[in-house]
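Understanding the architecture of this molecule
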Amino acid sequence: MTLKELIGQMTLAEKAMFTEGKNAWETPALERLSVPSIRVADGPHGVRKQNDTEDTTPEAAGTVTSVCFPSASALAASFNRGVFAMLGETLAKECKSLDVDMILGPAINIKRSPLCGRNFEYVSEDPYLTGELAGAYVKGVQRHNVGVSVKHFAANNQEKKRMTISAVIDDRTLREIYLSAFESVVKSARPDSLMCSYNGINGVFSSQNRKLLHDILRDEWGYDGFVMSDWGAVHDRPIGVASGLDLGMPSSGGVDAKAVEEAVKNGTLDESLLDEAVANILKKVDKYKGIPLLHEGDSVTARNSESSDNSQFNRSDDHKIARKIASECMVLLKNEGMLPLSTSEKIVFIGEFARKPRFQGAGSSHIEAFRVSSPLAAARHFADVRYKKGFGCDDEKLDEKLAEEAVLAARKAAVTVVFAGLPDEYESEGFDRDSLKLPEAQNELIRRICKVTPNIIVCLQNGSPVSMPWINDVNAVLECYLAGEAGGEACARILFGKTNPSGKLAETFPLKLSDTPCFDNFPGKAKTVEYREAIYVGYRYYDKVSKEVLFPFGHGLSYTTFAYSDLKISNEIDDVKINFKIKNSGRCAGAEVAQVYVGRPTGQVHRAVRELKGFEKIYLEPGEEREITVILDRRAFSYYSVGDAAWTIEPGSYHISVGSSSRDIRLRGVVTLDTVGAKENPHRAEELSTYFFGDPAKIGDEEFTKLLGMPLPEADYAPDEKFTLYNSLEDVKNTRFGKVFYKLAKLACKGHTLLGSKKMFETNVLETQMRNYFTWSGGRVTEDTAKALLGLFNNEDIEKNLKIVASAGIDLVKGRLTKRND
Ligand code: BGC
């Protein structure tokens, strides 16, 4: 039987059922036609399989223990496609042993601001690097017949109001910065699934954005997998089906399936669009589980023949892989000679992070780790290391007694290593940070120690950039990131020179928050966040305005040195070939990440000074020299022309820079490209002069409107705004009844945590769309109650609505809950 015939045998209700999850973690099944479910689990840096599939609330049940690998900002610093492939393959094996068919990752949104709470899960500020590394991960996982869902498509670049905010982005920026990594992964690695984001783009929620999910994804990029929603991102389900959202997750308890069925019946949804959605899902169900009716006569019906195969899976071995990966991810930011440490020195470790490392972030990626190693325990294998607490991981204020002991120990030691980092409650899914600062207790103790010894090294455990007010007074800084459960071992090996560090920053560390390109436009206003800095994200911005940074994109030191030479550029028919040599000119073996940047200093189009378009990580013995070849395809020289609605190359000369970082360029050359003329570029220098010649962090309304090519959408709610169930409590908190309910909800959140974070629990309640109250609560909140609340927020039928909510235990007159209502 063909897929079409199979779908032809389904009733309308059965087909509609396929547009929403069976529960929190499984796709729908249809026993009558022997269609099984596939099971998904969160990632991306470990398998977070939840025990209970029926409870659709995110806090449901416990999760299964598995190996916790470094999180994405750390992984990206490896600049190594092989590392991503190795992780993908390892995760696939873990998935198989746990009966998981699909991993919800990788997460590849661009780091627009260093404050985004989820940056630790995201790869980079650069779309090319993100696409290359994520592509390797996806191929690694899918090679073993486990699927991925690449997320969050698209423009989920902040956590604040992530469920309701609309990102205002011009087309060129969307294509070049925010869609580019997705495009690369879709085309090169063919992921089985994509997860749409919560937010909207230019006023249209991703879960019902046909331009995004259909025109671009399927028509332009040729995507043939299925699209699932982020958890609770569904709004109008029939519109979603018509727009290319195949599967809504998690289950809405049948609300969405019913709406889809009704829409087909009343003619507002074309049944063929529903059939397409079902077909997209079933193709992958068949790939992983086998749908027997599609294989009548075949000897093998279960496609995923390796399923539940534990034979190749051993957690202790995977822990070793986690260590190996972590060793490639740490970035030596500064070293004035103290590192590597000698094992015979008198060394003291200070800071609770040495003992209780922070190795992952909070939220849906949180893993029940298998075996966590601390830097202190690992270092004691190499040397006799003393320890003083100095400060606790979560301390804001310094405890004078602990501080005094630490300073005294530092004074007596030959070398002091301070382990600093961001506390758990600083960095998580669900909310953003509000500053780049480490807790003051940490900065203050480092300052005090600097006064008594010059021999101080700082090891950092954080998922995104921090400011370092003490940077000039310390000898060395090792950025360990959130390095997974084996990070402690990797860190100790690097400190003692057993491993030569080879990580490079996949993001810029700015000097201060006000230097960042979206400082004035992050996290936005009530309704929208305007991406006024346009393509000038990360190093593209700092280089454009020649701003000093703390550490540039691509930076990372080694215990050895590398010499670059012999740049050759040949312009071939379809691409440009770059050749150069690298020699290990130091005394120990090590790895270098050679980075190839393309820039076009003059022209009709405003552009970044340089953009990463190629990189290679290479291992060299002392004295060894190798030739590297990097191929730059036409896309490496293109910009997205809004006039042409296509990728276009301006004819003329392009600068090729080969470097050890974006600001340590070792070799330079030029290549001239002749191309067939592009259509007229609508973005003229006279109209967009700040983008061409000024500071893209300071764009006025007029210029941004010109760039957008449409009027600026309303950024705030009007005083008489009519809210919908797609709004959140945060949106309605200034209305008469919204104020009262917001306060009650906030109080009710006290004492609860969600996926490791109290703040995440609160933001989830306050910022989720109100529709999720009934689709997500497993019947605890009815649709009538949610609608009555909405009516009150809109000042409609007050008496009637007050009665309805009162019967559900919410007294909005007296401002109290009369029933326990979690
Ligand atoms: C997150 C996703 C995650 C999903 C399932 C959502 O809140 O944004 O990244 O995969 O939950 O846990």
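These remarks concern the structure in this document. (Residues numbered from 1 in each chain as written. Predicted model: local features only at pLDDT ≥ 70, side-chain atom pairs only at ≥ 80, totals over all residues. Heavy atoms only, no water.)

**With respect to helix 11 (residues 271-288)**
Using the following cut-off: Helix and strand assignments follow DSSP, with helices taken as H or I runs no shorter than four residues and strands as E runs no shorter than two, numbered in order from the N terminus. One less than the number of residues in a helix, times 1.5 Å, gives the span that helix is expected to have. A 1.4 Å probe rolled over the protein chains alone gives each residue an accessible area, and that area as a share of the maximum for its type sets the label: buried under 20%, exposed over 50%, partly exposed in between.
Taking 1.5 Å of rise per residue, 18 residues should cover 26 Å, and helix 11 covers 26 Å from first to last C-alpha, within 8% of that figure. Among all positions in helix 11, only L274, A277, V278, A279, N280, I281, L282, K284, V285, D286 and Y288 are buried. Positioned one or two residues after helix 11, G290 has a phi angle of 85°, which is positive.

**Looking at the sheet that holds strand 7 (residues 200-201)**
Working definition: the strands of a sheet are paired by backbone hydrogen bonds and lie parallel or antiparallel to each other. Which entries qualify depends on this criterion: The pairing criterion for strands is at least two bridges between them, as found by DSSP.
If you walk across this open sheet you meet the four strands as 8-7-5-17, and the pairing is mixed. Because the sheet does not close on itself, it has two edges, and the strands there are strand 8 (204-205) and strand 17 (528-530). Of the pairings in the sheet, the one linking strand 7 to strand 8 comprises two bridges and is antiparallel in character. The residue bridging I201 from the neighbouring strand is V204, located in strand 8.

**What to know about the pairing of strand 9 (residues 226-229)**
Neither face of strand 9 is exposed, since F226 and M228 on one face and V227 and S229 on the opposite face are all buried. Relative to strand 9, strand 6 (residues 193-196) runs parallel, the two being bridged by four bridges. Paired with S193 across the strands is F226, a residue of strand 9.

**Some details on the sheet that holds strand 19 (residues 575-584)**
So the rule is basically this: Only C-alpha atoms enter the line fits that serve as axes; for helices the fit covers just the stretch in contact. Angles between N-to-C directions range over 0 to 180 degrees.
Strand order across the open sheet formed by three strands is 18-19-22, with antiparallel pairing between neighbours. The open sheet has two edge strands, strand 18 (562-571) and strand 22 (625-633), and neither has a second partner. Across the sheet, the axes of successive neighbouring strands diverge by a mean angle of 20°, strand direction being ignored. Taken together, the eight bridges between strand 18 and strand 19 define a ladder with antiparallel strand orientation. Residue pairing for strand 19: K568 is matched across the bridge by N579.

**Concerning the pattern of salt bridges**
How we decide: Each salt bridge in this description consists of a side-chain nitrogen of Lys or Arg and a carboxyl oxygen of Asp or Glu lying within 4 Å of one another.
Taken as a whole and assessed by the stated rule, the structure comprises 62 salt bridges. The salt bridge partner of R81 is E616, with a shortest N-O separation of 3.8 Å. Within this pair, whereas R81 is found in helix 4 (residues 81-97), its partner E616 is found in strand 21 (residues 611-620), the two being separated by 535 residues in sequence. The shortest N-O distance in the salt bridge between K722 and E796 comes to 3.6 Å. Of the two residues, K722 is situated in the loop between helix 19 (701-708) and helix 20 (729-732) and E796 in the loop between helix 24 (783-793) and helix 25 (798-807); the sequence distance between them amounts to 74 residues. Exposure remark for E796: the relative accessible area of 34% places this residue in the partly exposed category. Counted as one network, the salt bridges with shared partners bring together R118, E121, E159, R162 and E429.

**Section: the packing of helix 21 (residues 736-749) against helix 22 (residues 758-767)**
Helix-helix packing: each pair is described by the crossing angle between the helix axes and the interaxial distance. Spelled out, the test is: An angle below 35 degrees is read as roughly parallel, one above 145 as roughly antiparallel, one from 65 to 115 as roughly perpendicular, and any other as oblique. Each crossing is labelled by how the near helix is turned from the far one, with a counterclockwise turn of less than a right angle marking it left-handed and a clockwise turn marking it right-handed. Only heavy atoms matter for contacts: two residues are in contact if any of them lie within 4.5 Å across the pair.
One way to put it is that helix 21 packs onto helix 22 with a least axis distance of 9 Å and a crossing angle of 155°. Overall, the two elements helix 21 and helix 22 adopt an arrangement that is roughly antiparallel. Crossing angle aside, the handedness with which helix 21 passes helix 22 is right-handed. When helix 21 is examined against helix 22, the residues Y742, A745, K746 and C749 are found in contact with a partner set consisting of F761, E762, V765 and L766.

**Topic: the packing of aromatic side chains**
Going by this rule: Side-chain rings of Phe, Tyr and Trp, where Trp is taken by its six-membered ring, are said to pair if the distance between their centres is within 6.5 Å; with planes under 30 degrees apart they count as stacked, over 60 as edge-to-face, and otherwise as tilted. Two conditions define a charge sitting above a ring: the NZ of Lys or the CZ of Arg must be within 6 Å of the ring centre, and it must be within 35 degrees of the ring normal.
The tally for this structure, following the rule as stated, stands at 19 aromatic pairs. Centre to centre, the rings of Y539 and Y597 are 6.0 Å apart; their planes meet at 80°, and the pair counts as edge-to-face. Of this pair, Y539 sits in helix 17 (residues 539-544) while Y597 sits in strand 20 (residues 590-599), and the two are 58 residues apart along the sequence. Assessed through its relative accessible area of 2%, Y539 is described here as buried. Within the aromatic cluster, the residues linked to one another by ring pairs are F79, Y128, Y539, F553, Y597 and F615. When the ring centre of Y531 is taken as origin, the NZ or CZ atom of R112, which lies over that ring, is 4.0 Å away.

**Some remarks on the site of the ligand**
Counted only if it meets this: Neighbouring residues are identified by heavy atoms, a residue being near a molecule or strand if any of them is within 4 Å of it. Pairing of N or O atoms within 3.5 Å defines a polar contact, subject to two protein rules: one partner must be a possible hydrogen donor and the other a possible acceptor, and residues neighboring in sequence count only if both atoms are side-chain atoms. Only the protein chains shown count as covering a residue, and every accessible area follows the Shrake-Rupley method with a 1.4 Å probe. Residues are grouped as follows: nonpolar covers Ala, Val, Leu, Ile, Met, Phe, Trp, Tyr, Cys and Pro; charged covers Asp, Glu, Lys and Arg; every other residue, Gly included, is treated as polar.
Inspection of the region around the ligand gives 14 residues, with D42, R118, H152, Y198 and D230 positioned closest. One of the side-chain nitrogen or oxygen atoms of K151 is found 3.0 Å away from an oxygen atom of the ligand. In this structure, E429 approaches the ligand through a side-chain N or O atom, which is 3.0 Å from an oxygen atom. Burial of the ligand by the surrounding chains reaches 93%, relative to a free accessible area of 310 Å². Tallied by class, the residues present in the shell around the ligand amount to five nonpolar, two polar and seven charged.

Coordinates in, geometry out; function isn't part of it.
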